[in-house]
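The lines below spell out each chain.
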Amino acid sequence: MFLLLVGSNGFAQSTASPQKIAPFQIRLVSGQQYTSAQLAAGPVVLIYFSPDCEHCQKFTKDLLKNYSVVANKQVVMVTFQSMEMLKPFVTQYSLGTYPNFKVGTEGTSYLVQRYYQIRSFPYIAIYDKKGNLVRTFEGEQPHAEIFKALKQI
């Protein structure tokens, strides 16, 4: 096992849970590019989702109802879906009214999806104020558990 880890060190991010946030590049609904380099210091919540995913819709709705758990955190919502699918989602949930939310598409680069090896939505990666991964959630998870984890950072 030790030899395997040393031998595959260059591929650690594709085989292990990444400890730093994905080097994302997304296009926001405003048309602007937004990248991981533009994140301010502080806790970050990265949510990988699909606008037509029922679990993602329910989670977004519940997250906004419990906004206090992310009010002091940067929330980056990333999808691979087209802008045509993304815009109605952003409008439906009034996501543009939350200054700490950045919602965009990575298009068909799938960089974020591959970086985290995402298999089901929503995928939530929670980072502390130093930028270290605290916890991830994938697929349908109890929202209370996610909100509890968010309160702790």
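Residues numbered from 1 in each chain as written. Predicted model: local features only at pLDDT ≥ 70, side-chain atom pairs only at ≥ 80, totals over all residues. Heavy atoms only, no water.

A.B. asks: I'm lost on the pattern of salt bridges in this one. Help?
C.D. replies: Following the criterion strictly, the structure yields two salt bridges and no others. Between Glu54 and Lys58 there is a salt bridge, and its shortest N-O distance comes to 3.5 Å. Taken together, the residues Glu54 and Lys58, both in helix α3 (residues 54–65) and four residues apart, mark about one turn of the helix. When its relative accessible area of 48% is taken as the criterion, Lys58 is described as partly exposed. The partner of Arg135 in a salt bridge is Glu145, with the nearest N and O atoms 2.6 Å apart. Of this pair, Arg135 sits in strand β7 (residues 133–138) while Glu145 sits in helix α6 (residues 143–151), and the two are ten residues apart along the sequence. Given the relative accessible area of 34%, Arg135 is considered partly exposed. (Salt bridge = Lys/Arg side-chain N within 4 Å of Asp/Glu carboxyl O. Helix = DSSP H or I, 4+ residues; strand = E, 2+ residues; numbered from the N terminus. Buried < 20%, exposed > 50% of the residue type's maximum accessible area, 1.4 Å probe, protein only.)

A.B. asks: So what exactly am I meant to see when it comes to the packing of aromatic side chains here?
C.D. replies: To describe a pair of aromatic rings, you give the distance between the ring centres and the angle between the ring planes. Considering all chains together, one arrives at twelve aromatic pairs under this definition. Judged by centre distance (5.3 Å) and plane angle (45°), the ring pair of Tyr98 and Phe101 falls under tilted. Owing to a relative accessible area of 6%, Phe101 belongs among the buried residues under this scheme. Following the ring pairs from residue to residue traces out a cluster consisting of Tyr48, Phe80, Tyr110 and Phe121. When the ring centre of Tyr34 is taken as origin, the NZ or CZ atom of Lys102, which lies over that ring, is 5.3 Å away. (Phe/Tyr/Trp six-rings, centres within 6.5 Å; stacked < 30°, edge-to-face > 60°. Lys NZ or Arg CZ within 6 Å of the ring centre and 35° of its normal.)

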